[in-house]
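Descriptive structure summary
So the chains spell out like this:
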Amino acid sequence: MALDSMSSDGLVVDNTLQAICYKRGSLKLLDQRKLPLETGFLDIQDSTDGWNAIRDMVVRGAPAIAIAAALSLAVEVANLKDFNGTSGDAASFLEMKLEYLVSSRPTAVNLSDAATKLKEIISKAASTATEPGSVFRAYIEASEIMLDDDVASNKAIGSHGASFLQQQQKQKISKRFSVLTHCNTGSLATAGYGTALGVIRALHAEGVLERAYCTETRPFNQGSRLTAFELVHDKIPATLIADSAAAALMKEGRVSAVIVGADRVAANVIAGDTANKIGTYSLALCAMYHHIPFYVAAPLTSVDLSLSSGQEIIIEERSAKELLHSRGGLGEQVAASGISVWNPAFDVTPANLIAGIITEKGVITKNDIKDAFDIKDFIEKAAGKSTF
Ligand code: MRU
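Residues numbered from 1 in each chain as written. Predicted model: local features only at pLDDT ≥ 70, side-chain atom pairs only at ≥ 80, totals over all residues. Heavy atoms only, no water.

Convention followed: UniProt positions are given in the numbering used here, feature names are shortened, and annotations may be inferred rather than shown by experiment.
In the nomenclature of an unreviewed UniProt entry, the chain is known as Methylthioribose-1-phosphate isomerase of Durio zibethinus. Quoted straight from UniProt, the Pathway (unreviewed entry) entry for the chain says "Amino-acid biosynthesis; L-methionine biosynthesis via salvage pathway; L-methionine from S-methyl-5-thio-alpha-D-ribose 1-phosphate: step 1/6." According to the UniProt record, the Function (unreviewed entry) comment for the chain is "Catalyzes the interconversion of methylthioribose-1-phosphate (MTR-1-P) into methylthioribulose-1-phosphate (MTRu-1-P)."

Written out as structure tokens, the structure reads:
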């Protein structure tokens, strides 16, 4: 989003919440740790500010992390007063900064995927550039394109997801959906609109959403603080539940589909194993038991073609403070001093619990014969056609 088009409080653009406010040379990130009570933006001046903002959860959500990281470096180089070196030195400088940014959080693949693509652009620019400024310009332009592309991709995920679900529901008496989601996958976790929350937005826009249910998402409460905030803002009929109420909700027959986001999807041998916010795996198990379809909504940039299975995904473990204190570690103490803590930020849901992966190029369903996702084949075929 361009800074020029921000509302007076900087949070709403075209009636949509925005967490990343950018114009060339300036980046502001909504401090999501303070939501829903305060809406303040932090100035990000360089990649060090970007790294800290990601690590400290000022900005979070796989796509948003990647974009915020790329733009923090874009702002740094846009404001460089002078750079003593060749175009090759400029390329090395950018590559080193990208490596540093990738080290901020390990689980989401979007950040390392963005860094790999940006490094290719840098190296191509450096091979023809006669001065460092051209390499920096190529980098800045490429990271700005990532910001625009993410919104288009999310809208396509929303529309594919909504059509697919309605197609699945054709034979059923009720044509309306009650969707349970976990964590935050909306405008605040992306450049705008959202992935799983984008599908919920699209169902609502098409008049077929009965209700969205969002979990609190302990311990950081992305569900109660962020998803609930977005749902209320968009006037989408929604109910907040404790994480531990999900099984009971499903048992009561109040959920027609579970839709979550993804931080990394394995695509090689056991394709479809998906890392997402801690608690996602339990939801998938509960959904399977209650015969409720469980979907992952994610851009293809969340797919890691190098992984044979979800077992290879590095799961970030976060500070004990997030459990010992309320508000993800920022509030008062809520647990006994001296207790030991295990705080994985993500878990891996095995592919066999997932009914489909909703992407910007369409929905990946299982191959009927192998009963498995053929994600590589889907990506290769999708490369030939554009849906947005
Ligand atoms: O720790 P977070 O808040 O970065 O975790 C976010 C999630 O797990 C989201 O579900 C995922 O990144 C998808 S965001 C579109």
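Having seen it, we continue.
**Looking at the site of the ligand**
For the record, the criterion: We call a residue near a molecule or strand whenever a single non-hydrogen atom of that residue lies within 4 Å of it. Here a polar contact is recorded for every N or O atom pair within 3.5 Å, except that within protein the pair must consist of a potential hydrogen donor and a potential acceptor, and residues adjacent in sequence are included only if both atoms are side-chain atoms. To qualify as a helix, a DSSP run of H or I must reach at least 4 residues; to qualify as a strand, a run of E must reach at least 2; elements of each kind are numbered from the N terminus. Each residue gets one label: Ala, Val, Leu, Ile, Met, Phe, Trp, Tyr, Cys and Pro are nonpolar, Asp, Glu, Lys and Arg are charged, and the others, such as Gly, are polar.
Taken together, 18 residues form the shell around the ligand, and within it Arg60, Arg105, Gln222, Asn276 and Lys277 come nearest. Side-chain polar atom of Arg60 to an oxygen atom of the ligand: 2.8 Å apart, as the coordinates give it. Between the ligand and Asn276, the relevant distance is 2.7 Å, taken from an oxygen atom to a side-chain nitrogen or oxygen of the residue. Secondary-structure elements contributing two or more residues to the shell around the ligand are helix 2 (62-78) and strand 11 (274-277). Here the residues of the shell around the ligand sort into 7 nonpolar, 7 polar and 4 charged.

**Some details on the nonpolar core**
Where a protein is soluble and globular, its nonpolar side chains tend to be buried together. Put simply, the test is: Nine residue types can take part in a nonpolar core, namely buried Ala, Val, Leu, Ile, Met, Phe, Trp, Tyr and Cys, and a core is a set of them joined through side-chain atoms within 4.5 Å. Accessibility here uses a 1.4 Å probe with only protein chains present; expressed as a share of the type maximum, an area under 20% marks a residue as buried, one over 50% as exposed, and anything in between as partly exposed.
In terms of nonpolar packing, the biggest core is built from 42 residues, with Leu29, Leu94 and Tyr139 touching the most fellow members. Taken together, the elements giving at least two residues each to this core come down to strand 3 (20-23), strand 4 (26-30), helix 1 (47-55), helix 2, helix 3 (87-102), helix 4 (109-128) and helix 5 (132-168). Counting residues per element, this core draws most heavily on helix 2, at 12 residues.

**What about the pattern of salt bridges?**
Here is the rule: The salt bridge criterion pairs a side-chain nitrogen of Lys or Arg with a carboxyl oxygen of Asp or Glu, the two atoms within 4 Å.
A complete count under the given rule lists 19 salt bridges for this structure. In this structure, Asp31 and Lys34 form a salt bridge, with 3.4 Å as the shortest nitrogen-oxygen distance. Residue Asp31 is classed as buried on the basis of its relative accessible area, which comes to 2%. For Lys34, a relative accessible area of 39% gives the class partly exposed. Residues joined in a network through salt bridges with shared partners are Arg55, Arg105, Glu316, Arg318 and Glu322.

**Some thoughts on the sheet that holds strand 15 (residues 356-359)**
Which entries qualify depends on this criterion: Between any two strands, pairing holds if DSSP finds at least two bridges. Simply put, an axis is a line fit to the C-alpha atoms, just over the touching stretch for a helix, and the angle between two N-to-C directions goes from 0 to 180 degrees. Residue contacts are counted whenever heavy atoms from the two residues lie within 4.5 Å of one another.
A sheet is described by the order of its strands in space; here 7 strands give the open sequence 8-7-6-9-12-15-16, paired in mixed fashion. On the outer flanks of this sheet lie strand 8 (238-241) and strand 16 (362-364), each paired with one strand and no other. Neighbour-to-neighbour, the strand axes of the sheet open up by a mean angle of 25°, direction not taken into account. The pairing of strand 6 (residues 177-181) with strand 9 (residues 257-260) spans 2 bridges and is parallel. For Val179, the partnering residue across the bridge sits in strand 9 and is Ala257. The strands touched by helix 6 (residues 196-205) are strand 6, strand 7 (209-215), strand 9, strand 12 (294-297) and strand 15; relative to strand 6, the strand with the most contacts, the crossing angle is about 160°. Of the strands in this sheet, strand 6, strand 7 and strand 8 are in contact with helix 7 (residues 222-233), which crosses strand 7 at around 160°.

**Re the packing of helix 3 against helix 4**
What counts, and what does not: Oblique is the label for any angle not covered by the other classes, which are roughly parallel (under 35 degrees), roughly antiparallel (over 145) and roughly perpendicular (65 to 115).
Their axes nearest at 10 Å, the elements helix 3 and helix 4 cross at an angle of 180°. By the angle between their axes, helix 3 is roughly antiparallel relative to helix 4. Contacts between helix 3 and helix 4 involve Ser87, Ala91, Leu94, Glu95, Leu98, Glu99, Leu101 and Val102 from the former and Leu111, Ser112, Ala115, Leu118, Lys119, Ile122, Ser123 and Ala126 from the latter. For the contact of helix 3 with helix 4, the class distribution of residues is 10 nonpolar, 3 polar and 3 charged.

**A few points about the UniProt feature "active site" (unreviewed entry) in the chain**
Within this numbering scheme, the UniProt entry marks Asp263 as carrying the feature "active site" (unreviewed entry). Within the secondary structure, Asp263 sits in the loop between strand 9 and strand 10 (264-266). By relative accessible area, which is 7% here, Asp263 ends up buried. Beyond its immediate sequence surroundings of up to four residues, Asp263 is in contact with Ala62, Thr107, Ala108, Val109, Asn110, Ala275, Asn276, Lys277, Ser302 and Phe346.

**Details of the UniProt feature "site: Transition state stabilizer" (unreviewed entry) in the chain**
Under the local residue numbering, the UniProt record ascribes the feature "site: Transition state stabilizer" (unreviewed entry) to Cys183. You can see Cys183 is positioned in the loop between strand 6 and helix 6. Looking at Cys183, the relative accessible area reads 6%, which means it is buried.

**Description of the sheet that holds strand 4**
The strands that make up a sheet pair up through hydrogen bonds in the backbone, lying either parallel or antiparallel. With respect to topology, 3 strands assemble into an open sheet ordered 3-4-5, the strand pairing being antiparallel. Both edges of this open sheet fall to strand 3 and strand 5 (41-44), since each of them pairs with a single strand only. For this sheet, the mean inter-axis angle between neighbouring strands, taken without regard to orientation, is 20°. The pairing of strand 4 with strand 5 spans 4 bridges and is classified as antiparallel. Looking across to strand 5, one finds that Leu27 is bridged to Ile44. The strands touched by helix 2 are strand 3, strand 4 and strand 5; relative to strand 3, the strand with the most contacts, the crossing angle is about 30°.

**Observations regarding the pairing of strand 12**
Of the two faces of strand 12, the one lined by Phe294 and Val296 and the one lined by Tyr295 and Ala297 are each fully buried. Pairing of strand 9 with strand 12 involves 3 bridges; the strand directions are parallel. Bridging from a neighbouring strand, Val260 pairs with Val296 of strand 12.

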